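Take a look at the letters that make up each chain.
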Amino acid sequence: MTKYLAISVLLLFLYACNKKEHYLQGYDKIDSLITTVKNQNSYSAEVNGMLSDAYTLLNEKPNDSIKRLYMLKLSDQYYNFGLKDDYLRVCKLNLELSLKAKDSLRLGIIYNDIADYYRGKSFNDTAYIFYNKSLHFLDKNNFEKRGRAILNKAYLLRFENSLVESEIQTIKALEAAKQSGNKRLIYDCLNNLGIINNDIKNYDLALDYHQQALEQLNKLKSDPQYFILVAQTKNNMAVCYHRLQNNSKAITLLHEATSSKNLKNESILLYAVLIDNLTYYRFKSNQEVRQEDFDLPLKIRDSLDNKLGVIVSNTRKGEYFLSQNDTAKSVSYFLKAKEIAKDIKSHRDELLLLNFLAEAEPDKRLFYKEKYIQLSDSLMESERAVRNKFTRIEYETDEIIQQKEVLAKQQQFIVLTSISIILLLILTYIIFRQKAKQKELLLIQEQQKSNEEVYQLMIDQHHKVEEGRALEKNRISLELHDGTLSMLAGIRFNLYGFQTEENAEINEKFLNQVDQIKTVEKEIRNIAHDLKNNLFIKKESFLMLLNDFIEDQKIISKINYELQIDSEIEWESLSQSLKINFFRIIQEGVYNSQKYAQAKNISISIQLSKKNMELCVKDDGVGFNSEAKTKGIGLENIKQRVSAMEGFVKIKSINQIGTQIICKIPFHYEYQNIDDR
Amino acid sequence: MIDDHPLILEGYKTTLAQNKLGITLLARTITSLEEGYNLAQNKAELAQYSICFIDRNMPPFLEKDIENGEDLAVLLKATNPDLKIVILTSHDEPILLYELKNRLQPEGILVKSDLDYRSMQDAFQKIVDGNYYYSQVARQGFDTIKKHLNIFDQTDRKIILLLSQGLRTKTLPESLSITLSAINSRKKIIKDKLGVPHGDDEAIVKAARRVGLL
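Residues numbered from 1 in each chain as written. Chains lettered and ligands numbered in written order. Predicted model: local features only at pLDDT ≥ 70, side-chain atom pairs only at ≥ 80, totals over all residues. Heavy atoms only, no water.

### Focus: the packing of helix H6 (residues 124–137) of chain A against helix H7 (residues 143–159) of chain A
Residue and element names in this part refer to chain A. The condition that has to hold: Simply put, an axis is a line fit to the C-alpha atoms, just over the touching stretch for a helix, and the angle between two N-to-C directions goes from 0 to 180 degrees. Secondary structure elements follow DSSP: runs of H or I no shorter than four residues count as helices, runs of E no shorter than two count as strands, and numbering proceeds from the N terminus. Here the word oblique covers every angle except those under 35 degrees (roughly parallel), over 145 (roughly antiparallel) and from 65 to 115 (roughly perpendicular). The handedness criterion is simple: a crossing whose near helix is rotated anticlockwise from the far helix by less than a right angle is left-handed, and one whose near helix is rotated clockwise is right-handed. What makes two residues a contact is simply this: any of their non-hydrogen atoms within 4.5 Å.
Look at H6 against H7: their axes get within 10 Å of each other, and the N-to-C directions meet at 155 degrees. Viewed along their axes, H6 and H7 adopt a mutual orientation that is roughly antiparallel. Our pair here, H6 against H7, has a crossing hand that is left-handed. In contact with Asn124, Ala127, Tyr128, Tyr131, Asn132 and Leu135 of H6, H7 contributes Arg146, Ala149, Ile150, Asn152, Lys153, Leu156, Leu157 and Phe159.

This is the structure in structure tokens:
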């Protein structure tokens, strides 16, 4: 048994697998294409071909969750190979599909991807909007993704110089990161906090954050970027120390950072920064530096098109020449840097350079100062504008959410209101019906009561008649007993006085006659007794009533009546209303037979069965059409009465043969206090 | 001699005048209970009489709550304890006769149905001699009652008697001074004893008559 079961389970499993495989068959090729691309190290025409093949295949599939999953995988590959525009195209298509399918979980990820794209393109405000959307859809418990998105927002804010807001977002991101347990994310947050605090000149706090970041790095030794990150953090700390005028400490840190062997290979840019900073700090602490020391990082930065870095390098070179009193060279470097700064709208650098220029060319000082003020004003304005913009984006997103909530609340309100109105209506209906029923019930009760009263009246009438009769009988009985009898006895006694001793024969005859009087006396006494015995009023008034009715009918019509009543029926225990109903039905039936049927015989029977009382009024008259729609009020009355007793009535009529009214009433003996006399 | 029918009184007188003891009768005839009541109040006159014949059934003298001859007999006996009482009645129901005997302990009970010249003479003789005389019907009745003495007590017998007179159960408590529910439970027992457990009052009376109680 278990064996079979095991086999069948196995078969089922195989079947399920087959089915799944069949379903996934179309994705086989896409899967293999993407996997192959993943393993390629560098971009080539082959890779491009495979990716576009996969894209075409995927496009043919119906919109389901697997398609969307592969879309994500495909877009990841585009991203990895730096095909940003293709990446955006796939992401937007996937967004469309997910919106159609209302796949909110995936929507969060796709919005995040698109935001990443815009961030890479430095469309900071657009990226910010998409991060907000992403956060709206992302799973509340997906702390890692949420944390990353928030941190990205913080980066955007920092780039736009909204440092305080950026700090707030970073702290939020840090909370999420700690909950997710992603160590790299925690490090990134701490690092960002360090940089922000450095920028807002909160150097001690910045150093503290960087120290924490460094500690966090101890847990990240397996990270491929470990060495880069360590160098980066040390550099950041060095910057802080420099700002705190502790150049020796900064230099020590930078020496540590540059000691890493592979740094030059892994991140040439960071290497350039380190070298540049090191040179500059040494220059600032009046150590011996050569012009060429500044050239190497500038060259590297130039080759990487790192404009911010180029500005810094040029500025520092200008400073160097200024210290060598070579004003012309110094000014040219400053102007070059200023040009680039203006180009990339790095206003802070521009301001700094204007200061330097004013220092380098004292005769043009006023001109530069004026420009400085102008720029700083516009900078402040633009900063404010940026802050406002981001606040607005945040607010608008909030507003959309709020509007949704309001809408949802409104919907809820409408639903609740309509439900309560419906309930109210139902309730009103029920109450209304209940009242109607109550009225009906009261009416029925009243009718029954009046029925019983009528019956009682009839019975009382009968009792009075009977009582009168009884009284009369009693009077006669007493008269006979006490009057007539006593008189006779007296006469008899008196007669004894006339007996004679003389003629024995006559005396004998005389005494005989006197004894005869005694016999008469006995007779009269018996009559008196019998009269008294009849004093008991016939107990069952209903039968009496019925008998009387039939007797009356016999007198007024020439019809033969037959009355059969089951002697088992205990009339006294039946309710008055039942009896009056029976009586009325019989009356109605008999009247009908008399008036319309020209009947010769009418038989009435009341029989008892197990559950029912059966009342039958039958005649042998002409009959009527029992199918006729309009029935006389008499028959209608009968029906009403029967239904009041929860019984049913059958009226059968056959032309020229007769009519039969059969009523069946389920009887329940209702206990009544019987007047026992 | 007390009877509401003067004619009967005449008959009694005639009969007793022909007594064989040779006693000369000094008789007063009274025809109503009121007159009888007045006699009962007159001790001096009452002392002259030694025997009183009273008809049980006479129109009641309600003023003094005297309903029948029985009640008057009680009063007479109270006034003159030596007076011998002879009750004449046209009732022959054994219960009634038995109750009568119990109540008054009369010297004689004469039931009119078997009363004739000879029995009247006999009764007179016996009573004058200081004996008791109960007529044949009465004696038979007493025997029947004695047979049922253990079965029906006095209250039961009274209930049966009253029912036979056509009284309703409702009105019985007035004459018996017990509650209606007590009467109903007694009636139930009576019905059982008479073998008519589901019968009505009529059935009780009929059954009682059958066994000779009435």
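### A short note on the UniProt feature "transmembrane region" (unreviewed entry) in chain A
Defined as follows: UniProt positions are given in the numbering used here, feature names are shortened, and annotations may be inferred rather than shown by experiment.
Under the UniProt annotation, the feature "transmembrane region" (unreviewed entry) is placed at residues 413–432 of chain A. Helix and strand shares over residues 413–432 of chain A are 100% and 0% respectively, and the end C-alpha atoms of the span are 28 Å apart.

### Here's the deal with the domain arrangement of chain A
All names here are of chain A. Counted only if it meets this: Domain start and stop points were drawn from an automatic or database domain assignment. By buried area we mean how much accessible surface two parts lose on assembly, using a 1.4 Å probe and totalling the loss over both. N or O atoms within 3.5 Å of each other form a polar contact, as long as, within protein, one can give a hydrogen and the other can take it, and as long as residues adjacent in sequence are counted only when both atoms are side-chain atoms. Under the scheme applied here, ten amino acids are nonpolar (Ala, Val, Leu, Ile, Met, Phe, Trp, Tyr, Cys and Pro), four are charged (Asp, Glu, Lys and Arg), and all others, including Gly, are polar.
Looking at the assigned domains, one finds that chain A contains domain 1 (404–533) and domain 2 (541–666). Each of domain 1 and domain 2 was reduced to a C-alpha centroid, and the two centroids are 24 Å apart. The interface is formed by 11 residues belonging to domain 1 together with 13 residues belonging to domain 2. When domain 1 packs against domain 2, close to 1,100 Å² is buried across both sides, 64% of that on carbon and sulfur atoms. Our count for the contact surface shared by domain 1 and domain 2 stands at 1 residue pair in polar contact (both at pLDDT 80 or more). Class assignment of the residues belonging to the side of domain 1 that touches domain 2 gives a composition of 4 nonpolar, 5 polar and 2 charged.

### Some details on the pattern of salt bridges
We apply this condition: Any Lys or Arg side-chain nitrogen located within 4 Å of an Asp or Glu carboxyl oxygen qualifies as a salt bridge. Think of it in three bands: with a 1.4 Å probe and only protein chains considered, a residue is buried below 20% of the maximum accessible area for its type, exposed above 50%, and partly exposed in between.
As enumerated under the stated definition, the model contains 28 salt bridges over all chains in all. A salt bridge links Arg184 of chain A to Asp223 of chain A, with the shortest nitrogen-to-oxygen separation between them at 3.9 Å. Pair noted here: Arg184 of chain A is in helix H9 (residues 183–199) and Asp223 of chain A is in the loop between helix H10 (203–218) and helix H11 (226–243), with a separation of 39 residues, a long-range link. Measuring nitrogen to oxygen at the nearest pair gives 2.9 Å for the salt bridge that ties Asp71 of chain B to Arg103 of chain B. Linking Asp71 of chain B in helix H4 (residues 69–79) with Arg103 of chain B in helix H5 (residues 94–104), this pair joins segments that are 32 residues apart in sequence. By relative accessible area, Arg103 of chain B is classed as partly exposed at 46%. Within the structure, one salt-bridge network assembled from shared partners comprises Arg148, Arg184, Asp188 and Asp223 of chain A.

### Focus: the domain arrangement of chain B
All names here are of chain B. Taken domain by domain, chain B consists of domain 1 (6–144) and domain 2 (148–210). Summarising the inter-unit geometry, the C-alpha centres of domain 1 and domain 2 are found 29 Å apart. Listed by partner, the interface residues are 6 residues for domain 1 and 7 residues for domain 2. Note on domain 1 versus domain 2: buried area summed over both sides is about 630 Å², and carbon and sulfur give 60% of it. Here domain 1 is connected to domain 2 by 1 salt bridge. When the shortest N-O distance is used, the salt bridge between Glu99 and Arg157 registers 3.0 Å. The interface formed by domain 1 and domain 2 contains 3 residue pairs in polar contact (both at pLDDT 80 or more). Per element, the largest residue contribution to the side of domain 1 that touches domain 2 is 5 residues, and it comes from H5. For the side of domain 1 that touches domain 2, the class distribution of residues is 3 nonpolar, 2 polar and 1 charged.

### Details of the state of the cysteines
Residue and element names in this part refer to chain A. The line we're drawing: Only a pair of cysteine sulfur atoms within 2.5 Å qualifies as a disulfide here.
For the structure shown, the criterion picks out 0 disulfides over all chains. Cys189 provides the cysteine sulfur closest to Cys240, a residue in no disulfide bond, and the two sulfurs are 17 Å apart. Using a relative accessible area of 0% as the deciding quantity, one classes Cys240 as buried. For the unlinked cysteine Cys663, the closest cysteine sulfur is that of Cys616, found at 8.5 Å.

### Here we look at unusual backbone geometry
Residue and element names in this part refer to chain A. Although it is not a glycine, Asn325 adopts a positive phi angle of roughly 65 degrees. Note on placement: Asn325 falls in the loop between helix H16 (307–323) and helix H17 (327–343). The residue Gln656 is not glycine, and still its phi comes out positive at about 65 degrees. The class of Gln656 is exposed, set by a relative accessible area of 57%.

### What to know about the sheet that holds strand E2 (residues 601–608) of chain A
All names here are of chain A. What counts, and what does not: One requirement defines pairing of two strands: DSSP has to find at least two bridges between them.
Taking strand neighbours across the sheet as the criterion, the 5 strands line up as E1-E2-E3-E5-E4 in an open arrangement whose pairing is mixed. A single partner strand is all that each edge strand has here, and the edge strands are strand E1 (560–565) and strand E4 (648–654). Ignoring strand direction, the axes of neighbouring strands in this sheet form an average angle of 10 degrees. Here 7 bridges tie E2 to strand E3 (residues 612–619), and the two strands are oriented antiparallel to one another. When the sheet's bridge partners are listed, Ile604 is paired in E3 with Val617. Contacting E4 and strand E5 (658–666), helix H23 (residues 633–644) crosses the sheet at an angle of about 150 degrees to E4.

### Re the pairing of strand E3 (residues 108–111) of chain B
Residues and elements named next belong to chain B. Short version of the rule: Here a crossover is taken to be right-handed if, once the strands point away from the viewer, the path from the first strand over the helix to the second is traced clockwise.
The alternating pattern of E3 places Gly108 and Leu110 on one face and Ile109 and Val111 on the opposite face, and all of these are buried. Here strand E2 (residues 84–89) pairs with E3 via 4 bridges, running parallel. In the strand pairing of E3, Leu88 is matched with Leu110. You can see the chain leave E2, run along H5 and come back into E3, and the turn it takes is right-handed. Sheet analysis places E3 next to strand E4 (residues 133–134), joined by 2 bridges and oriented parallel. Residue pairing for E4: Ile109 is matched across the bridge by Tyr134.

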